[in-house]
Amino acid sequence: MYIKMEATKNGMYLAHVIGTGYSGYVDKTHFIKPVVKYTWMPSKLYTSATGNSYKKTIKDGQKVSVFNGSHGRYQVKAGSSSGYIYANNLTGTLAKKTVYVSSKLYTTSSHTKYTDVIRPNKQVYVKESTQNMSHVCVVGTAQSGWIYTSHFTKPAPAAGGTTSTPKATAGTSQTGSSTAGGTTAGTATGSTSGSASGITGSAAATSGTTATTTTGNTGSGSASATTATGNTGSGSASATTATGKTGSSSASGTTATSNTGSGSASGTTATSNTGSGSASATTATGNTGSGSASGTAVTGSTGAAAASATTAKGLDVSHYQTLTQSSFNLMKRQGYSFVILKATEGTGYTDSKFYTYYKYARNAGLSVHAYHMIGNSTTDPAQHIAEAKHFYQVLAQTKASTGYAFTGYAFEDIEPTGTNSITTTWWANAAPACAGYFLNEMQALGQAKVGIYAGYFNWNSYLEGHTDTWPGNTKIWLARYNTTLGTNADVWQYTETGTIDGITGHFDLDISYDPDF
């Protein structure tokens, strides 16, 4: 075409088609070569760059030809339809990914507020990523926002039929422990377990006594013709003979006297169980790795989470949840026994609801603990020591602010946020040492009860086995939104989308395997 430039009018060129007798006005944008983009979320196709009228909604994941833009909208052609789409609804490259864990959908990359929760195994279109967060839209919906980029990493599979057990420390008394992977985790109070050659799932442990070596028994809590008297946490009962039993913690009709955390109790029948820990008056049939509670019948369970009589229900909250005294009273009535509150972050931030919620929780009779969100991923010890001092000072003011002294565990929450710049390199090279600076400073200041919170993947990949600089009594609190935790921990955060009857909103729910909770 020949264009008469001086005849431009209302965004149109006066043009003549070369070699023909045709002339007229053509939209000047039609001389611009279009750029291919994609809709990463459902997008209205407006009739103009400024008006509110629209022709249709273009689905997410659609390819469009983009010409020019004004007033925040691009002129596009989608199939046979033309119109205007908001520039923010378009992306140059379309990436579809799977979200493998339940993910809060935050309004911004600073993850201060969230509007919805994406369930596991949902697919999303990713527009952009920054600071460990990704801007996404759930495929086929209008749900959009920011989630943690790490949630696109598929968690390592848990061992089949495995439930988590309390963290076992040499010389530490564990009472009423749960079972893992079809193995009865026996309890030992101040004792050293005797050798049990050829035994699978043995729960035998004695108090100040060497257990008799038994041969040829599978999963037996006691040995044939063996007398074990006055044991605490022993799998066998006083003056008990268990002969030819397979998978049974003790023989039917056994009297268990003065035993604490025993694998079996008086009058218990254990049928066809592998590594099952049953309780008083309980019938446990066909269970693998399951620990049933007193008076409860558990049938056909594999790796049940509520495994031990010492298992406790809890949750963790912060100012993101709007709660009242009645909310905490409801938690208590519905069987929750502990709560972990956000207290601080970095070197200067204090959660606005910490003292209020602490008082409410203590009034309700809950066991209350606190956590600090790591604020900086520097390797400088001074930064982590300064964060510990801030956390400690806030906890030290609890009595003055609430009337209750802080008596719980103080956890450092190590996870990437929009501001702390945690990277894979930091995890691999610095995380264990930095956690040690923080935890040891807390104890030096006078906070004896300390712990670490981390995601299962980061614990398994970077922290576990590298805790030699940490205090020996450090509690481990892990997050894994799965049917099983798949490793040892003291507290398991198993969902971030839990609900509590009578209270609005979603909650992070936890299970504790430690009697201190």
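Conventions used here
Residues numbered from 1 in each chain as written. Predicted model: local features only at pLDDT ≥ 70, side-chain atom pairs only at ≥ 80, totals over all residues. Heavy atoms only, no water. Helix = DSSP H or I, 4+ residues; strand = E, 2+ residues; numbered from the N terminus. Buried < 20%, exposed > 50% of the residue type's maximum accessible area, 1.4 Å probe, protein only. Contact = heavy atoms within 4.5 Å. Areas by Shrake-Rupley, 256 points an atom, 1.4 Å probe, with all protein chains shown as cover. Salt bridge = Lys/Arg side-chain N within 4 Å of Asp/Glu carboxyl O. Pairing = 2+ DSSP bridges. Lys, Arg positive; Asp, Glu negative; His and termini not counted. Phe/Tyr/Trp six-rings, centres within 6.5 Å; stacked < 30°, edge-to-face > 60°. Lys NZ or Arg CZ within 6 Å of the ring centre and 35° of its normal. Core = buried A, V, L, I, M, F, W, Y, C linked by side-chain atoms within 4.5 Å. Arc of directions from axis to C-beta. Axes fitted to C-alpha atoms, helices over the stretch in contact; angles between N-to-C directions. Parallel < 35°, antiparallel > 145°, perpendicular 65-115°, else oblique. Left-handed = near helix turned anticlockwise from the far one by under 90°. Polar contact = N/O pair within 3.5 Å; in protein donor to acceptor, adjacent residues only side chain to side chain.

Participant: Which parts of the structure should I look at to understand the overall build of the protein?
Facilitator: Helix and strand content of the protein: 7 helices and 28 strands. By residue count, 45% of the 517 residues in the protein fall in the buried class. Long-range contacts, defined as pairs at least 24 residues apart, comprise 53% of the intrachain contacts of the protein with a sequence gap of at least 6. In the form shown here, the protein has an accessible surface area of approximately 22,900 Å², with 48% of it arising from carbon and sulfur atoms.

Participant: Just checking my understanding: could you explain helix H7 (residues 456-463) for this structure?
Facilitator: In an α-helix there are 3.6 residues to a turn, and that puts residues three or four apart on one side. For H7, the full list of buried residues reads Tyr-456, Asn-458, Trp-459, Tyr-462 and Leu-463. Contacts from the buried residues of H7 go to helix H5 (424-429), helix H6 (431-445), strand S25 (450-455) and strand S26 (475-479). In the segment just after H7, Gly-465 is the residue with positive phi, at about 85°.

Participant: I tried to follow the pattern of salt bridges on my own but got confused; where do I start?
Facilitator: Think of it this way: side chains of opposite charge can pair up when their charged atoms draw near. Enumeration over the complete set of coordinates arrives at 2 salt bridges. Measuring nitrogen to oxygen at the nearest pair gives 2.7 Å for the salt bridge that ties Lys-342 to Glu-345. On the accessibility criterion, Lys-342 (6% relative accessible area) is buried. Using a relative accessible area of 18% as the deciding quantity, one classes Glu-345 as buried. Between Lys-475 and Asp-514 there is a salt bridge, with the nearest N and O atoms lying 2.4 Å from each other. With Lys-475 in strand S26 and Asp-514 in the segment after strand S28 (503-512), this residue pair connects regions lying 39 residues apart in the sequence. For the pair Lys-475 and Asp-514, one class covers both residues: buried.

Participant: Even after reading the chapter, I still don't get the pairing of strand S16 (residues 144-148), so can you show me in this structure?
Facilitator: A regular strand places its side chains on the two faces of the sheet in alternate fashion. By the criterion of burial, S16 is predominantly enclosed, with 4 of the 5 residues buried. Two elements, strand S15 (residues 133-138) and S16, share 5 bridges in a ladder whose sense is antiparallel. If you follow Ser-134 over to S16, its bridge partner there is Ile-147. The turn joining S15 and S16, which pair antiparallel and follow one another in sequence, is formed by 5 residues; a positive phi near 80° is taken by Gly-140.

Participant: When you look at the side chain of Glu-441 in this model, what are you seeing that I'm missing?
Facilitator: Considering the arrangement of structural elements, one finds Glu-441 in helix H6. One buried charged residue, Glu-441, remains without a salt bridge, the closest side chain of opposite sign being Lys-389 at 4.4 Å.

Participant: I would appreciate a short explanation of the packing of aromatic side chains in the present structure.
Facilitator: What characterises a pair of aromatic rings is the spacing of the ring centres plus the angle enclosed by the ring planes. Scanning the entire structure with this criterion turns up 22 aromatic pairs. Pairing Tyr-106 with Tyr-148 gives two aromatic rings, centres 6.1 Å apart and planes at 75°, and the pair type is edge-to-face. Of the two residues, Tyr-106 sits in strand S12 (residues 103-106) while Tyr-148 sits in strand S16, which places them 42 residues apart along the sequence. Just as Tyr-106 is buried, Tyr-148 falls in that class too. Plain terms: the ring middles of Tyr-357 and Tyr-360 are 6.4 Å apart, the flat faces sit at 35° to each other, and that makes the pair tilted. With Tyr-357 and Tyr-360 both in helix H2 (residues 354-363), this residue pair falls 3 residues apart, about one helical turn. Each member of the aromatic cluster is reached from another via a ring pair, and the members are Phe-338, Tyr-371, Tyr-409, Phe-411, Tyr-453, Trp-477 and Phe-517. The ring of Tyr-456 has Arg-480 sitting right over it, with the charged end atom 3.8 Å from the ring centre.

Participant: Just to check I follow, could you spell out the nonpolar core for this structure?
Facilitator: Nonpolar side chains tend to gather and get buried jointly when the protein is soluble and globular. Ranked by size, the top nonpolar core spans 54 residues in total, and within it Leu-315, Phe-328, Met-331, Val-339, Leu-395 and Trp-426 carry the most contacts. Excluding residues that lie within four positions of it along the chain, Val-339 makes contacts with Leu-315, Val-317, Phe-328, Ala-361, Leu-366, Ser-367, Val-368 and His-369. In terms of nonpolar packing, the next biggest core, distinct from the first, is built from 13 residues, Ala-312, Ile-340, Ala-479 and Tyr-481 among them.

Participant: What should I look at first to understand H2 in this one?
Facilitator: All buried positions along H2 are accounted for by Phe-354, Tyr-357, Tyr-358 and Ala-361. End-on view of H2: buried residues confined to an arc of 105°, all on one side of the axis. The secondary structure elements touched by the buried residues of H2 are strand S20 (312-317), helix H1 (325-333), strand S21 (336-345), strand S23 (367-373), helix H3 (381-396) and helix H4 (398-402). Two residues or fewer past H2, Gly-365 is found with a positive phi of approximately 90°.

Participant: What exactly am I supposed to notice about the environment of Val-394 here?
Facilitator: Within the element layout of this structure, Val-394 appears in helix H3. Beyond its immediate chain neighbours, meaning those up to four positions away, Val-394 contacts Thr-344, Thr-350, Phe-354 and Tyr-355.

Participant: Explanation requested: the pairing of strand S9 (residues 81-86) in the structure shown.
Facilitator: Where strand S8 (residues 73-78) and S9 come together, 6 bridges link them in antiparallel fashion. Across the sheet, Gln-75 pairs through a bridge with Tyr-84, a residue of S9. Remark: 2 residues form the turn of the hairpin made by S8 and S9, two consecutive strands paired antiparallel; Gly-79 in that turn has positive phi of roughly 65°.

Participant: Is there a simple way to explain the environment of Tyr-114 in this structure?
Facilitator: Here Tyr-114 lies in strand S13 (residues 114-118). Counting along the chain gives 206 residues from Tyr-114 to Tyr-320, while the straight-line C-alpha distance between them is 8.7 Å. When near neighbours in sequence (up to four residues on either side) are disregarded, Tyr-114 contacts Lys-104, Leu-105, Tyr-106, Thr-107, Gln-321 and His-506.

Participant: Explain the packing of H3 against H6 here, please?
Facilitator: Packed helices, taken two at a time, are described by the angle between their axes plus the distance between the axes. It is at 8 Å that the axes of H3 and H6 come closest, and there the two elements cross at 40°. Between H3 and H6, the angle falls in the class oblique. The interaxial crossing formed by H3 with H6 has right-handed handedness. On H6, the residues that touch Pro-381, His-384, Ile-385, Glu-387, Ala-388, Lys-389, Phe-391, Tyr-392 and Leu-395 of H3 are Cys-434, Tyr-437, Phe-438, Glu-441, Met-442 and Leu-445.

Participant: Looking at this structure, how should I read the environment of Ser-377?
Facilitator: Summarising the element assignment, Ser-377 is placed in the loop between S23 and H3. Each C-alpha atom of the pair Ser-377 and Ile-414 lies 9.5 Å from the other, and the pair is 37 residues apart in sequence. The residues contacting Ser-377, other than those within four sequence positions of it, are Asn-420, Ser-421, Ile-422 and Trp-426. Of the polar contacts made by the side chain of Ser-377, one reaches the backbone oxygen of Ser-421; its length is 3.0 Å.

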